[in-house]
Structure formats: C-alpha cells, structure tokens
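Geometric and topological summary
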Amino acid sequence: MAFDREKFIAELEAMTVLELKDLVSALEEHFGVTAAAPVAVAGPAVAEAAEEKTEFDVVLTAAGANKIAVIKEVRGITGLGLKEAKELVDNGGKLKEAVSKEEAEAVKEKLTAAGATVEVK
C-alpha cells in the first residue's frame, strides 16, 4: 500500500490541538526522539546576553497634564529638591539607575498614577 500524503495531511487538519499533541508525544516515544528545536552551543558572550536582566533604569519621558503631582512624586522617589525635581520633570531623564525589577515597577506605578509617562529599561 502506497503512502497517500494528501490523505495524511487531510487527517491532520481534522485533528484537534490536543489530538495533535498526543500524536507528537506518541511519535517521540516510538522513535526515541524529541520535537524540541535544537539549541546551538554558544560562546560565553551569547550566554551572558541570554541571562535575565536584573538591573533596570526608570526613565521619565513625559510629565503629562498633572505636572505638580509628578514633581511631588519625583521628589519623594529621588529625594531631590524642588528646583532639581522640576528640571527633571521638564526635561525628562533617568530617575533611578540599576534598581531591581520590583523597585522599578513600583516607581513606574507611582509616576503613572500621577499622570507621567515612564519607561523601564
């Protein structure tokens, strides 16, 4: 009996995702292989780049409509004086450098609630 490729494809199209998953698992087990994509062995530079980032910068990009509230939040977050905080809000820039993800997200949340546009890099 000859293999009918078109019939096989039509049967695959009729299967649900769960049925296809079970079929792949059965084929992997039967042939002793895996359907996972091969992972290339990389040098140390690539491995370092693939590591999860642990330090983040919080950058103020725009003050928004409620500038006074944003200035107050910036002062509370950074400990800057009124003049320095106002200049930072007017010009934008980094508020925090090399902070944890949790701290960066907390700062972003506070400033966003005050009406500012903030990026975590």
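Description of the structure in this document.

Cut-offs applied
- Residues numbered from 1 in each chain as written.
- Predicted model: local features only at pLDDT ≥ 70, side-chain atom pairs only at ≥ 80, totals over all residues.
- Heavy atoms only, no water.
- Helix = DSSP H or I, 4+ residues; strand = E, 2+ residues; numbered from the N terminus.
- Buried < 20%, exposed > 50% of the residue type's maximum accessible area, 1.4 Å probe, protein only.
- Contact = heavy atoms within 4.5 Å.
- Salt bridge = Lys/Arg side-chain N within 4 Å of Asp/Glu carboxyl O.
- Arc of directions from axis to C-beta.
- Pairing = 2+ DSSP bridges.
- Axes fitted to C-alpha atoms, helices over the stretch in contact; angles between N-to-C directions.
- Parallel < 35°, antiparallel > 145°, perpendicular 65-115°, else oblique.
- Left-handed = near helix turned anticlockwise from the far one by under 90°.
- Nonpolar A, V, L, I, M, F, W, Y, C, P; charged D, E, K, R; others polar.

Observations concerning the overall build of the chain
Along the backbone of the chain there are six helices and three strands. What you see in the chain, going N to C, is helices and strands ordered as α-α-α-β-α-α-β-α-β. For the chain, buried positions account for 17% of its 121 residues. The long-range share in the chain, meaning contacts at least 24 apart out of those at least 6 apart in sequence, stands at 65%.

A look at the pattern of salt bridges
Going through the model one piece at a time under the given rule, you end up with five salt bridges. Through salt bridges with shared partners, a single network forms among K67, K86 and D90.

Side note on helix 5 (residues 82-91)
Within helix 5, the full set of buried residues consists of A85, L88 and V89. The arc enclosing the buried residues of helix 5, seen along the axis, measures out at 95°, which places them on a common side. Of the exposed residues in helix 5, the ones pointing more than 90 degrees away from its buried face are K83 and N91. On its buried side, helix 5 packs onto strand 1 (56-62), helix 4 (67-78) and strand 2 (93-99).

Let's talk about unusual backbone geometry
One non-glycine residue with positive phi stands out, namely A98, at about 50°. Mapped onto the elements, A98 comes out in strand 2. A residue is classified by how much of its surface remains accessible, and A98, at 44% relative accessible area, is partly exposed.

Thoughts on the pairing of strand 1
Pairing analysis gives four bridges linking strand 1 to strand 2, with the strands arranged antiparallel. Looking across to strand 2, one finds that F56 is bridged to V99. Judged from the four bridges that link them, strand 1 and strand 3 (residues 117-120) form a sheet pairing that is antiparallel. Residue pairing in the sheet places V58 in a bridge with V120 of strand 3.

Things to note about the packing of helix 4 against helix 6 (residues 101-114)
With their axes 8 Å apart at the nearest point, helix 4 and helix 6 run at an angle of 160° to one another. Regarding the angle of helix 4 to helix 6, the classification is roughly antiparallel. The handedness of the crossing between helix 4 and helix 6 is right-handed. Counted together, A69, V70, E73, V74 and I77 of helix 4 and V107, K110, L111 and A114 of helix 6 form the full contact between these two elements. Class assignment for the residues of the contact of helix 4 with helix 6 results in seven nonpolar, no polar and two charged.

Keep in mind these values describe shape, not function.
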